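# Understanding the architecture of this molecule
Listed here are the chains, written in short residue letters.
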Amino acid sequence: FARNMASAKPKESKSGIPAAEFIADVKQYLVDKKISCENCVRELHTVHNKYKFLEARLLQQKKSLLVKIPDIKSTAECVDFLITKKESDEQSFEAHYRLSDNLYAKANVDSKQDRVFLWLGANVMLEYDYDEAKKLLSKNLASAQKQCKALTADLNFLKDQITISEVNIARMHNHGVNLRKAAGKK
């Protein structure tokens, strides 16, 4: 990345993704870098591929978060429901809960117990009282939403960098074609 960044202070995203330099004067750029047109196109393709790889990785992270957010929300709603039931006259109720994607089980739930078990991931489940569970879920939801916002900003930044690198590749390639044409006429 560093070789293709602006010689002045390189810009970057808030998360440290380097900005692509727009090559305004192709001829001067090649003279300054002391590089052939073909090698420059190769380097620009390398930078472009790095951006595309990073974009794919960030898209995967965002997709994972977008799956987790509804799960966190529904778990928080369940804890709210348990709190409501605990405060009402009818503290015991029958519920159907999901064991796996298409498998549900029936359970008699006593909400006055004031305990809930939450999956934390990596096959870890911990017991919390209702208030602790609600606080943890709220914190996790806020964190996931913040991460999703940051990923969206990074993806938008990356799209711009990919476009700049594609324009640079096209301009450099066209310059190389023009050089070959000029050399062929001599």
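Residues numbered from 1 in each chain as written. Predicted model: local features only at pLDDT ≥ 70, side-chain atom pairs only at ≥ 80, totals over all residues. Heavy atoms only, no water.

All right, on to the pairing of strand β3 (residues 116-121) then. In this sheet, strand β4 (residues 124-128) lies alongside β3 in antiparallel orientation, the contact comprising five bridges. Following the sheet pairing, F117 is matched in β4 by E127. The turn joining β3 and β4, which pair antiparallel and follow one another in sequence, is formed by two residues; a positive phi near 55° is taken by A122. (Pairing = 2+ DSSP bridges. Helix = DSSP H or I, 4+ residues; strand = E, 2+ residues; numbered from the N terminus.)

Applying the stated criterion to the full structure yields six salt bridges. The residue E90 makes a salt bridge to K85 at a minimum N-O spacing of 3.5 Å. Judged by its relative accessible area of 45%, E90 is partly exposed. Among the ionic pairs, E127 bridges to R115, the shortest N-O distance being 2.8 Å. Placement of E127 in strand β4 and of R115 in the loop between β2 (103-110) and β3 is noted, with a sequence separation of twelve residues between them. (Salt bridge = Lys/Arg side-chain N within 4 Å of Asp/Glu carboxyl O. Buried < 20%, exposed > 50% of the residue type's maximum accessible area, 1.4 Å probe, protein only.)

Another aspect to go through is a nonpolar patch on the surface. Residues Y97, L99 and L103 make up a contiguous nonpolar surface patch of roughly 300 Å² in combined accessible area. On the secondary structure map, L99 appears in strand β1 (residues 92-100). (Patch = residues over 30% accessible without salt bridge, like charges linked within 9 Å, V, L, I, M, F, W, Y side chains within 5 Å. Areas by Shrake-Rupley, 256 points an atom, 1.4 Å probe, with all protein chains shown as cover.)

Let's shift gears to the pairing of β2. In this sheet, β2 lies alongside β1 in antiparallel orientation, the contact comprising eight bridges. When the sheet's bridge partners are listed, S100 is paired in β2 with L103. Between β1 and β2, which follow one another and run antiparallel, lie two residues.

So, about the confidence of the model for the chain. Taken as a whole, the chain shows an average pLDDT of 90; of its residues, 94% reach a score of 70 or greater. Throughout residues 1-10 the model reports pLDDT below 50, and contacts reaching past four residues in sequence, or to other chains, amount to 21 contacts. (pLDDT = per-residue confidence, 0-100. Contact = heavy atoms within 4.5 Å.)

What follows is about the packing of helix α2 (residues 37-87) against helix α3 (residues 130-185). Put simply, α2 and α3 touch, their axes get as near as 7 Å, and they point 160° apart. Considering their axes alone, α2 and α3 lie roughly antiparallel with respect to each other. The element α2 and its partner α3 pack so that their crossing is left-handed. Of the residues in the contact of α2 with α3, the class split is 29 nonpolar, 14 polar and 13 charged. (Axes fitted to C-alpha atoms, helices over the stretch in contact; angles between N-to-C directions. Parallel < 35°, antiparallel > 145°, perpendicular 65-115°, else oblique. Left-handed = near helix turned anticlockwise from the far one by under 90°. Nonpolar A, V, L, I, M, F, W, Y, C, P; charged D, E, K, R; others polar.)

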